[in-house]
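# Per-entry structural report
So you can see what is in the structure, the chains are spelled out below.
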Amino acid sequence: MAFGPFLLLALMEGLVTSATLALAAAGLSLVFGVMRVVNVAHGEFYMLGAVLAWAVAALVPGPPALAFLAALVVAPLLVGALAAAADGLILKRLNYDPEATIVATIGLLYMIQQATLSLYGPNANPVQAPFDWRIQLPWFGYSGYKLFVILAAGLVLLALWAFMTRTKAGLIMRATQVDRTTARAFGINVDRVYMGTFALGAGLAALAGVLIVPIQQAHYLMGGDPLLLSFIVVIIGGLGSLRGTLIAALVIGLSDGVISMFFTPTLAKILATLLVAMVLVFRPHGLFGAKA
Amino acid sequence: MTGGGVTGGGVKVWVLHLALLAVLFSAQFWLSPYHATNLVRIMVLAVFAMGYNLAFGYTGLLSLGHALLLAAGMYAAGLPAQLWGWSAGPAFIAGVAGGGLMAAAVGLLALRTAGVSFMIVTLMFAQAGFLTLLYFAPITGGDDGFALANASRRIFGFDLSADTPRFLAAFVIFALGLLASLALVRSPFGRSMVAMRENEERSRMLGYNPFMVKLAALACSGLYAGAAGAAYALLFGYAGASFATIQYSILPMLYVLLGGAGTTLGPFLGALVMFALIEAASGLTSAYFFLVGAALVALVLFAPKGILGTIRERWVRWLP
Amino acid sequence: MAALIETCGLTLHFGGLKAVDGVDFTLNSGEIHALIGPNGAGKTTFVSLLSGRRLPQSGTILMDGTDITALPAHVRVRKGIAYTFQITSIFPRLSVFDNVALAVQARGVGDLAGRTRAALARVGMEGLEKQEAQTLSYGHQRLLELTMGLALQPRVLILDEPTQGLAASEIEGFIRLVEGLVPATTVLLIEHNMEVVMDLATRITVLNFGKVLATGTPAEIRANPAVQEAYLGA
């Protein structure tokens, strides 16, 4: 293949990465933005989304598209419910102390991972894509499902944006983000907002997991990379800034696709982690984000 | 005194520590070889946790990257032994220095941040370090690691792969580490470390340079981590990138939280209890990490001061 | 008397708020100098600039004629500028002894215990040394704060609202204590209680809207019409 089409393929693969990454990172960013806590178990919610998609596909009879649609609804809801329970049982009792929350979510990460290993097993399992179109470009054929992933992620993010800016619930969340004490004084039930935010963030990660699972198999350790990449995206985009998160997801996803075609993945990851550390040290508000 | 004060206790404190050391020393005579080997591991990991405790428990630096310091010590000792045939003595010293230098280097950058940012920066540095070990797999052995030649595992004519010398070596390192940490936290410098944890702004207005105090504390912490890493490599004859993974950053935090942050004996107690718990649960082998996770959650929820921290608060006020 | 600290054109604005606006100020060696003015006049911001907790946007600060404008706070403390906080800032979970020892050891570790006890005895807090600082009464916490400042053996002691919230009897003790500090230590005092100011101060500077309104002896300040207007007309 010539260089041009090769680059195009890399960019398209990068766009798929960007799309799921943007979903997962938006969840992490939302949680940090509103609740001011870092959820280290975020990648496990992504993994649970993928594993639940597999389970739903195995349980729902009929055409794969139907099972997949069911998974798109069921997995994020279940994961969201789990997250809401974790919020009520653990994070709330810690009073959302930032450091204690990180320790607790590390514990949650281990527990979810091990429970999945026990119940689901160590194998990676595929889930059939809901449809099997291929789009034939002059140079290569491309999976129609992957384009669907990009589209779906875009729509969900658009809906998230509309929810945050156009609805009363979104307004309440943003008010809580700005000042939780004042929000409480105005009669906002901050506990409920936090629980909802945590569930929503987890649901977004789970949704990303469902979308990715026809491309990449479901495995109990698959949460590590998205966690790391989401961290990178959220930090570079500016902690808590949704717009910065989206831009950063695009940049990271695309460059990840392109870079991993030319460099070894390990070297790319070393550079990326060091970049994140340096951004936090020297540009704590992120590269793209306005002042936090 | 509460929350890790500096003064008080006097003679009682030293007696308590020396008594613990005496019991540990005698353990080689009454423990089965299997349990004695476990105790060696516990003592080595407790040294690591003591270092973590200096940073987290006393200075308030919650690091998620101490695996990097452990690995620095392990490879700074292991690689010269492997490549140039260094013997255990010089290799150990290189390991200690490696941990300290790595900590200082990380601290120079990471200590420009605080709180959650500090946690993430240290996590990222450790992850970069782990990946670097994988990237240079031809030298480091990557995930598989490498075994140290028995010729390198000798000190003063003793063979560290044999049970008794190994136990004694671990005991000596542990004892020196424990007494040094006791002396350190009861010294004026230890008091200024605690001051960083308690009220950094006030400390600055007493003439302390918080950055330098924290850097020095982190470097001390790194010396301990380096010693533990080097000891592990030399006593068990193995170095591998798995020691640089996030798990080994979480373990010392778990030990310290369990035993009691800001208590001199907490790290050892935490390591001991955690080993016992895992041993007891070993029937459900895959449950190991579940147990670690559950312990972390339970500790931050119900006993944030850990075992000794709670005992100190309720009953034994002079506990250091 | 020699000038110990001089500022020239010292300025710090927060957005549109001119917290400190071109302040020229002289602190003479050995005096008790009170800084007064209405709320929001920039007093605390001004002493934050002196102590190095904030850096000015423009202007210079001289100490003994040496420029210290850019020095970080902890270096200024070591040069002899001590600051006690308006809102009590101690080490709440440490013992009283450890609190004071932290200040004492900043000047050297020889005979640390003895010097710490002496510092406590000087303010009449011997006997409390084992107590956890956060369990002290409010008055004792303020006193502990002051003791830490004194234990630094500063050349300049900046006291930010030291008598706030103290009982009348405690204020009396405080006044005697500060009187005993000069001339070895120079005192810069932010104070709202005018009785304390008039009792203690040898000179007074009035700040208003970030600018110096007047400087002079207590008698001169009392007679100054601009000061009267700022206080009464506001």
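Higher on the page you've got the structure.
### A word on empty space enclosed by the protein
Residues and elements named next belong to chain B. Evaluated as defined, the whole model comprises three cavities of 30 Å³ or more. Forming the walls of the largest cavity are Ser-63, Gly-65, His-66, Leu-68, Leu-69, Ala-103, Val-106, Thr-122, Phe-125 and Leu-218. Of all the elements in the fold, those that place two or more residues in the lining of the largest cavity are helix H3 (66–84), helix H4 (88–110) and helix H5 (115–135). A per-class count over the lining of the largest cavity returns six nonpolar, four polar and no charged.

### Focus: the arrangement of the chains
Where two pairs of chains are in contact, the pair with the most contacts is made of chains A and B. A gap remains between chain A and chain C, which never touch, and the nearest two C-alpha atoms on either side lie 15 Å apart.

### Here's the deal with the interface of chain B and chain C
Counting from both sides, the interface comprises 25 residues of chain B and, opposite them, 28 residues of chain C. Summing the contributions of chain B and of chain C, the shared interface buries around 2,300 Å²; its carbon and sulfur component is 57%. Considering only the surface of chain B that becomes buried against chain C, Arg-202, Met-205 and Leu-206 of chain B emerge as the three largest contributors, covering 31% of it. If you look at where chain B meets chain C, you find five salt bridges. Arg-93 of chain C is the salt-bridge partner of Glu-198 of chain B, the closest N and O atoms lying 2.8 Å from each other. Between the two partners, chain B and chain C, sit 14 residue pairs in polar contact (both at pLDDT 80 or more). Among the secondary structure elements, those contributing two or more residues to the side of chain B that touches chain C are helix H8 (188–198) and helix H9 (200–204) of chain B. The greatest single-element share of the side of chain B that touches chain C, amounting to seven residues, is contributed by H8 of chain B.

### Quick notes on the pairing of strand S2 (residues 17–28) of chain C
Residue and element names in this part refer to chain C. Pairing analysis gives nine bridges linking strand S1 (residues 3–14) to S2, with the strands arranged antiparallel. When the sheet's bridge partners are listed, Glu-6 is paired in S2 with Thr-26. The antiparallel pairing of S1 with S2 creates a hairpin that spans two residues between the two strands, and Gly-15 there sits at a positive phi of about 60 degrees.

Scoring rules and cut-offs
- Residues numbered from 1 in each chain as written.
- Chains lettered and ligands numbered in written order.
- Predicted model: local features only at pLDDT ≥ 70, side-chain atom pairs only at ≥ 80, totals over all residues.
- Heavy atoms only, no water.
- 1 Å grid on protein atoms, 1.4 Å probe; cavity = no way out; pocket = protein on both sides within 12 Å on 5 of 7 lines; lining within 4 Å.
- Points joined across faces, edges and corners; volume = space filled by probe spheres on them.
- Helix = DSSP H or I, 4+ residues; strand = E, 2+ residues; numbered from the N terminus.
- Nonpolar A, V, L, I, M, F, W, Y, C, P; charged D, E, K, R; others polar.
- Contact = heavy atoms within 4.5 Å.
- Buried area = accessible area lost by both parts, 1.4 Å probe.
- Salt bridge = Lys/Arg side-chain N within 4 Å of Asp/Glu carboxyl O.
- Polar contact = N/O pair within 3.5 Å; in protein donor to acceptor, adjacent residues only side chain to side chain.
- Pairing = 2+ DSSP bridges.

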